[in-house]
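What follows is the residue order along each chain.
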Protein chains: 2
Amino acid sequence: MSAARRPDRDPTRPVYVISVAATLVSAHPRTLRIYEDEGLVSPARTPTNIRLYSEEDIRRILWIRHLTRDRGVNLAGVRILFELEERLGQRILEALYDEGTRGRGDEPPEAGASGSGDGRPSPGR
Amino acid sequence: MSAARRPDRDPTRPVYVISVAATLVSAHPRTLRIYEDEGLVSPARTPTNIRLYSEEDIRRILWIRHLTRDRGVNLAGVRILFELEERLGQRILEALYDEGTRGRGDEPPEAGASGSGDGRPSPGR
DNA sequence: GAACCATGACAATGACATTGTCAAGATAAA
DNA sequence: TTTATCTTGACAATGTCATTGTCATGGTTC
């Protein structure tokens, strides 16, 4: 039964319903809806309007969590950082992460499920 | 040579005492001390320990004011943006400013030496 | 039909930004 | 000297924000 099927690793593919996504990022579903209202994440929707988060969405949310919880940035700050990321290329957050976790033992935000090797956040959107 | 009053326009030169600086940026002196405690500004000191803000300091504070008041960013976010600015060159805040004041004709506060002298850049307000 | 999702409202909690004041002492300028 | 301003440190009021949580009403999925 262990089929050799492996093709669906597309981190863009919407798969997680909100309750699952919330669990993955250790947040309340309410919080994820707020992130969306604030324009920080844009999960796909099923034809019947149900949110589906992709792996990229999860990573993006993990960045938000890192910035807000570990660095104390508020959502307005996160928005600006994402804006910058889109405007100036993409390496911004990485540089940030180095700065923030110097010798702290933290690990970069990573999508819990499916440990896709690189673990680098990407500006999906 | 008429010694025509060549006031050192060196934007680095510490000149403003805290009450003046506070007036220039429309903030309470208390607030400026907080900015300093947070490591966001580092005004020079006289030999007798009195703060003296330079033109650059003022511009930097105006950036903080712009980011916090107009963009809603908190001090942690400002700190990160300044960190990034130091790490990735200096175009960051400019790009940001464009985003914030689309088509307004204002000039962004600049930390560069080539400040147009008098120009106290009031970011939007 | 039970469990989950959607939106919208409302609220409690804790943290933060800003302003403001008071105190006790040093400095500057008249 | 006198007066105004500066220093640090403490305390507090105000308003805002982030996050979590609940409730209600209704649609969706299994």
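The rules behind each value
- Residues numbered from 1 in each chain as written.
- Chains lettered and ligands numbered in written order.
- Predicted model: local features only at pLDDT ≥ 70, side-chain atom pairs only at ≥ 80, totals over all residues.
- Heavy atoms only, no water.
- Near = heavy atom within 4 Å.
- Polar contact = N/O pair within 3.5 Å; in protein donor to acceptor, adjacent residues only side chain to side chain.
- Helix = DSSP H or I, 4+ residues; strand = E, 2+ residues; numbered from the N terminus.
- Nonpolar A, V, L, I, M, F, W, Y, C, P; charged D, E, K, R; others polar.
- Least-squares fit on C-alpha atoms with pLDDT ≥ 70 in both.
- Patch = residues over 30% accessible without salt bridge, like charges linked within 9 Å, V, L, I, M, F, W, Y side chains within 5 Å.
- Areas by Shrake-Rupley, 256 points an atom, 1.4 Å probe, with all protein chains shown as cover.
- Salt bridge = Lys/Arg side-chain N within 4 Å of Asp/Glu carboxyl O.
- Phe/Tyr/Trp six-rings, centres within 6.5 Å; stacked < 30°, edge-to-face > 60°.
- Lys NZ or Arg CZ within 6 Å of the ring centre and 35° of its normal.
- Contact = heavy atoms within 4.5 Å.
- Buried area = accessible area lost by both parts, 1.4 Å probe.
- Axes fitted to C-alpha atoms, helices over the stretch in contact; angles between N-to-C directions.
- Parallel < 35°, antiparallel > 145°, perpendicular 65-115°, else oblique.
- Left-handed = near helix turned anticlockwise from the far one by under 90°.

### Regarding the protein's contact with DNA strand D
- Around DNA strand D, the structure places 21 residues, and the nearest of them are His-28 and Thr-31 of chain A together with Val-17, Ser-19 and Arg-51 of chain B.
- Taking the atoms of DNA strand D that fall within 4 Å of the protein, sugar and phosphate contribute 76% of them.
- Within the contact set of DNA strand D, a phosphate oxygen lies 3.5 Å away from a side-chain nitrogen or oxygen of Tyr-35 of chain A.
- The contact in question runs from a phosphate oxygen of DNA strand D to an N or O atom on the backbone of Leu-75 of chain A, over 2.9 Å.
- Contributions of two or more residues to the surface near DNA strand D are made by helix H2 (29-37), helix H3 (55-70) and helix H4 (75-87) of chain A together with helix H1 (18-24) and helix H2 (29-37) of chain B.
- Per-element accounting of the surface near DNA strand D gives the leading share, four residues, to H2 of chain A.
- Residue classes in the surface near DNA strand D are distributed as eight nonpolar, seven polar and six charged.

### Overview of the relation of the copies chain A and chain B
- Take chain A, turn it by 179 degrees, move it 0.0 Å along the axis, and it overlays chain B with an RMSD of 0.1 Å. The operation mapping one copy onto its partner corresponds to a two-fold rotation axis. Among all residues of chain A, the minimum C-alpha distance to the rotation axis is found for Gly-77 of chain A, at 2.5 Å.

### Focus on a nonpolar patch on the surface
- Taken together, the side chains of Val-17, Val-20 and Ile-50 of chain A make up a nonpolar region of the molecular surface, amounting to roughly 200 Å² of accessible area.
- With respect to the element layout, Val-20 of chain A can be found in helix H1 (residues 18-24).

### Focus on the packing of aromatic side chains
- Evaluation of the coordinates by the stated rule reveals zero aromatic pairs over all chains.
- Positioned above the aromatic ring of Phe-82 of chain A, the side-chain terminus of Arg-60 of chain A is 4.1 Å from the ring centre.

### Considerations on the interface of chain A and chain B
- The interface of chain A with chain B comprises 19 residues on the first partner and 18 residues on the second.
- Overall, the association of chain A and chain B removes approximately 1700 Å² of surface from exposure, summing both partners, and the carbon and sulfur fraction of that is 63%.
- Between chain A and chain B we count two salt bridges in total.
- Of the charged contacts, one joins Glu-83 of chain B and Arg-71 of chain A as a salt bridge, the two residues approaching to 3.1 Å between their closest N and O atoms.
- Where chain A touches chain B, the interface holds four residue pairs in polar contact (both at pLDDT 80 or more).
- Taken together, the elements giving at least two residues each to the side of chain A that touches chain B come down to H4 and helix H5 (92-100) of chain A.
- With seven residues, the top contributor of residues to the side of chain A that touches chain B is H4 of chain A.

### A word on the protein's contact with DNA strand C
- Near DNA strand C there are 19 residues, and of these Val-17, Ser-19 and Arg-51 of chain A together with Arg-30 and Thr-31 of chain B occur at the shortest range.
- Of what DNA strand C places within 4 Å of the protein, 75% of the atoms are sugar or phosphate.
- Measuring from a base nitrogen of DNA strand C, one finds a side-chain N or O atom of Arg-30 of chain A at 3.2 Å.
- Between a base oxygen of DNA strand C and a side-chain N or O atom of Arg-30 of chain B, the distance comes to 2.9 Å.
- Listed by contribution, the elements that provide at least two residues to the surface near DNA strand C are H1 and H2 of chain A together with H2 and helix H3 (55-70) of chain B.
- A total of four residues in the surface near DNA strand C trace back to one element, the largest contributor, which is H2 of chain B.
- For the surface near DNA strand C, the class distribution of residues is six nonpolar, seven polar and six charged.

### Describing the packing of H3 of chain B against helix H4 (residues 75-87) of chain B
All names here are of chain B.
- The geometry of H3 relative to H4 is characterised by a closest axis approach of 10 Å and an angle of 130 degrees between their N-to-C directions. Classed by the angle they form, the pair H3 and H4 counts as oblique. Crossing of H3 against H4: the hand is right-handed. Taken together, the residues of H4 that come into contact with H3 (itself represented by Arg-60, Trp-63, Ile-64, Leu-67 and Thr-68) are Leu-75, Val-78, Leu-81 and Phe-82.
- A class-by-class count of the residues in the contact of H3 with H4 yields seven nonpolar, one polar and one charged.

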